[in-house]
Amino acid sequence: MKIDPFYLIVDSSEWIARLVPLGVKLVQLRIKEMHEDGLRKEIAASKATCAKHHCQLVINDYWKLAIDEGCDFVHLGQEDLAEADVAAIRKAGLRLGVSTHDGAELETALSVDPDYIALGPVYPTILKKMKWAPQGVEKVGRWKRQIGGLPLVAIGGLSPERLPGVFENGADSAAVVTDITLNAAPEARTREWIAATQAWR
């Protein structure tokens, strides 16, 4: 599977409506706390924007809603993966991405035959408190050698300036959250990311 080198992660359909029209081709909707009706509305609005702009939408965590709402891609962390019905996800035709941080998690992820593997945090990140130290670009290279042809997504503390290091070590895509959503000019920063990843597109 070919995956776009710029992987935007945002927490609302409003962000998707703002940034996807700029040329984003891969975006994850990652909402942590919301009631089901609200989630369905967010997913539907995000789907509509992504369909209009030929962007791949990935739903984080909520695999049942992703199936119900006719989505085609879901991303699961390790805790969510442990509770998910992977057979139901596959039966519905959804593709699946899985987060990993260490060797045991990588084995678990590979056991479900995912469509991509994510590794993080590559660099220090302010997105959330994590028990893992920054992994570093060398580990990106080790992960890529282990997973072979599977796409590898690097995440955590990334910026356009750090992209050569992750891509030269084997990453296929660079995921970004706060470097854009906390930027004073998110649209301009998004354009920077699109331009910076063009060489790997």
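These remarks concern the structure in this document. Because the structure is a prediction, the values reported are computed rather than measured.

**With respect to the environment of Tyr62**
- As for its position among the elements, Tyr62 is in the loop between strand S3 (56-60) and helix H3 (63-68).
- Residues Tyr62 and Leu39, 23 residues apart in the sequence, show an inter-C-alpha distance of 8.9 Å.
- The residues contacting Tyr62, other than those within four sequence positions of it, are Ile31, Lys32, Glu33 and Leu39.

**Quick notes on the pattern of salt bridges**
- According to the stated counting rule, one finds 11 salt bridges in the structure shown.
- The salt bridge involving Glu187 is made with Arg18; its shortest N-O contact spans 2.9 Å. Placement of Glu187 in helix H10 (residues 186-196) and of Arg18 in helix H1 (residues 13-19) is noted, with a sequence separation of 169 residues between them.
- Taking the relative accessible area as the measure of exposure, Glu187 reaches 25% and is therefore partly exposed.
- Judged by relative accessible area, which is 34%, Arg18 ranks as partly exposed.
- As a salt-bridge pair, Arg90 and Asp115 come within 2.8 Å of each other at their nearest N and O atoms. Of this pair, Arg90 sits in helix H5 (residues 86-91) while Asp115 sits in the loop between helix H6 (103-110) and strand S6 (116-119); the two residues are 25 residues apart in sequence, bridging distant segments of the chain.
- Using a relative accessible area of 19% as the deciding quantity, one classes Asp115 as buried.

**A word on the sheet that holds S3**
- Overall, parallel pairing links the eight strands, which are arranged S1-S2-S3-S4-S5-S6-S7-S8 in a closed barrel. Averaged over all neighbouring strand pairs, the angle between strand axes comes to 25°, with direction disregarded.
- Running at roughly 160° to S3, helix H2 (residues 36-52) makes contact with strand S2 (26-29) and S3 of the sheet.

Here is what the cut-offs are and how they apply
Residues numbered from 1 in each chain as written. Predicted model: local features only at pLDDT ≥ 70, side-chain atom pairs only at ≥ 80, totals over all residues. Heavy atoms only, no water. Helix = DSSP H or I, 4+ residues; strand = E, 2+ residues; numbered from the N terminus. Contact = heavy atoms within 4.5 Å. Salt bridge = Lys/Arg side-chain N within 4 Å of Asp/Glu carboxyl O. Buried < 20%, exposed > 50% of the residue type's maximum accessible area, 1.4 Å probe, protein only. Pairing = 2+ DSSP bridges. Axes fitted to C-alpha atoms, helices over the stretch in contact; angles between N-to-C directions.

Purely spatial values, then, with no claim about function.
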